[in-house]
Amino acid sequence: MSIALKQVFNKDKTFRPKRKFEPGTQRFELHKRAQASLNSGVDLKAAVQLPGGEDLNDWVAVHVVDFFNRINLIYGTICEFCTERTCPVMSGGPKYEYRWQDDLKYKKPTALPAPQYMNLLMDWIEVQINNEDIFPTSVGVPFPKNFLQICKKILCRLFRVFVHVYIHHFDRIIIMGAEAHVNTCYKHFYYFVTELTLIDRKELEPLKEMTARMCH
């Protein structure tokens, strides 16, 4: 990895503070196992499979937090080029436009400039993953019954970040020499959500052709 790329993907250069797992917890151990698999160059398709004897909710929680941190970082590297002037709507090419709804300020789907949409999206996810009632960190505290549904919504919205970055800002990723890193992160994400059926296939349509070439 080049020095420039190391600076781009410096672990501390995140778009916002990272959510970390507490050492000694089951989820920390799962996180370490998942990271070790990736670092060893193992097949990504195999790396996303639920390990035998492990809880599905724990496995999903670890990955949702990790993907949030990593995708957050990817967007952070190009956010200065994603402005209300360059991206007046949050889109993925001419066929796909994403509208924001959060049941708070935006009770109806609302068209927003991409950077505003991204900020709302990252803020919303951060609130979810730091909510102890949704992502409990204490041993023995159960996940809520709708945990997987919440995670599906988080992952669906994170996928939209990939769509926007690939279609509108990939030239910047190439200039920074970060193409391989972003592609690996995307493949890992894609294999995970499809292995565990966490995103509706129609949501994956905007990157369908690229995915067919990249993820065999």
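Here the structure is a predicted model, which is why all the values come from computation and not from measurement.

(A) Spotlight on the packing of helix H4 (residues 56-78) against helix H8 (residues 179-195). It is the contact of H4 with H8, at a shortest axis distance of 11 Å, that shows an interaxial angle of 150°. If you check the angle between H4 and H8, you find them roughly antiparallel. Every pair of crossing elements has a handedness; the one defined by H4 and H8 is left-handed. In this structure, H4 contributes Trp59, Val60, His63, Phe67, Arg70, Ile71 and Ile74 to the contact, and H8 contributes Val182, Cys185, His188, Phe189 and Phe192. The residue makeup of the contact of H4 with H8, split by class, is 9 nonpolar, 2 polar and 1 charged.

(B) Highlighting the packing of aromatic side chains. The final tally for this structure, using the stated rule, is 14 aromatic pairs. With centroids separated by 6.2 Å and ring planes inclined at 40°, the aromatic side chains of Phe159 and Tyr186 adopt a geometry described as tilted. Taken together, the positions of Phe159 in helix H6 (residues 147-168) and Tyr186 in helix H8 put the pair 27 residues apart, joining distant regions of the chain. Looking at Phe159, the relative accessible area reads 1%, which means it is buried. With relative accessibility at 0%, the residue Tyr186 sits in the buried group. In textbook terms, an aromatic cluster arises when at least three aromatic residues are bridged by ring pairs, as seen for Phe67, Phe159, Phe162, Tyr166, Phe170, Tyr186, Phe189, Tyr190, Tyr191 and Phe192. Against the face of Trp100 rests Arg157, its NZ or CZ located 4.0 Å from the ring centre. The ring centre of Phe81 lies 3.8 Å from the NZ or CZ of Arg172, which sits over that ring.

(C) Looking closely at the UniProt feature "binding site: Zn(2+)" (unreviewed entry) in the protein chain. Using the residue numbers shown here, the UniProt feature "binding site: Zn(2+)" (unreviewed entry) corresponds to Cys82, Cys87, His164 and His169. For this annotated set, covering 88 residues, all C-alpha atoms fall within 10.0 Å of each other, a compact arrangement in space. With respect to the element layout, Cys82 can be found in the loop between H4 and strand S1 (99-100). Under the relative-accessibility criterion, Cys82 is labelled buried at 3%. The class for His164 is buried, based on a relative accessible area of 0%.

(D) Molecular detail of the pattern of salt bridges. What the rule picks out here adds up to 5 salt bridges. Its salt-bridge partner being Arg70, residue Asp66 comes within 3.3 Å of it at the nearest N-O pair. You can see Asp66 and its partner Arg70 sitting in helix H4, 4 residues apart, about one turn around the helix. Comparing Asp66 with Arg70 shows no difference in burial state: the two are buried. One salt bridge connects Glu203 with Arg160, and the closest N-O pair in it is separated by 3.3 Å. On the criterion of sequence distance, the pair formed by Glu203 in the loop between H8 and helix H9 (208-214) and Arg160 in helix H6 is long-range, its members being 43 residues apart.

(E) Main features of unusual backbone geometry. In this structure, Asp103 is a non-glycine residue whose phi angle is positive, near 65°. Examined against the element boundaries, Asp103 turns out to sit in the loop between S1 and strand S2 (110-111). Look at Asp103 and you get exposed, because its relative accessible area is 52%. Phi is positive for Thr197, which is not a glycine, with a value near 50°. Mapped onto the fold, Thr197 is located in the loop between H8 and H9.

(F) Expanded view of H6. Taking 1.5 Å of rise per residue, 22 residues should cover 32 Å, and H6 covers 32 Å from first to last C-alpha, within 8% of that figure. Along H6, 16 of the 22 residues are buried, which leaves the element largely enclosed by surrounding structure.

(G) Local environment of the nonpolar core. Counting residues in hydrophobic clusters, the biggest one holds 63 residues, and the most contacted among them are Phe135, Tyr186 and Phe189. Elements that contribute at least two residues to this core include exactly H4, helix H5 (114-129), H6, helix H7 (170-175), H8 and H9. By residue number, the principal contributor to this core is H6, which donates 12 residues. The contacts of Tyr186, once residues within four sequence positions are left out, are Phe159, Phe162, Tyr166, Leu207, Met210, Thr211, Met214 and Cys215.

Cut-offs applied
- Residues numbered from 1 in each chain as written.
- Predicted model: local features only at pLDDT ≥ 70, side-chain atom pairs only at ≥ 80, totals over all residues.
- Heavy atoms only, no water.
- Axes fitted to C-alpha atoms, helices over the stretch in contact; angles between N-to-C directions.
- Helix = DSSP H or I, 4+ residues; strand = E, 2+ residues; numbered from the N terminus.
- Parallel < 35°, antiparallel > 145°, perpendicular 65-115°, else oblique.
- Left-handed = near helix turned anticlockwise from the far one by under 90°.
- Contact = heavy atoms within 4.5 Å.
- Nonpolar A, V, L, I, M, F, W, Y, C, P; charged D, E, K, R; others polar.
- Phe/Tyr/Trp six-rings, centres within 6.5 Å; stacked < 30°, edge-to-face > 60°.
- Buried < 20%, exposed > 50% of the residue type's maximum accessible area, 1.4 Å probe, protein only.
- Lys NZ or Arg CZ within 6 Å of the ring centre and 35° of its normal.
- UniProt positions renumbered as here; feature names shortened; annotations may be inferred.
- Salt bridge = Lys/Arg side-chain N within 4 Å of Asp/Glu carboxyl O.
- Expected span 1.5 Å × (residues − 1).
- Core = buried A, V, L, I, M, F, W, Y, C linked by side-chain atoms within 4.5 Å.

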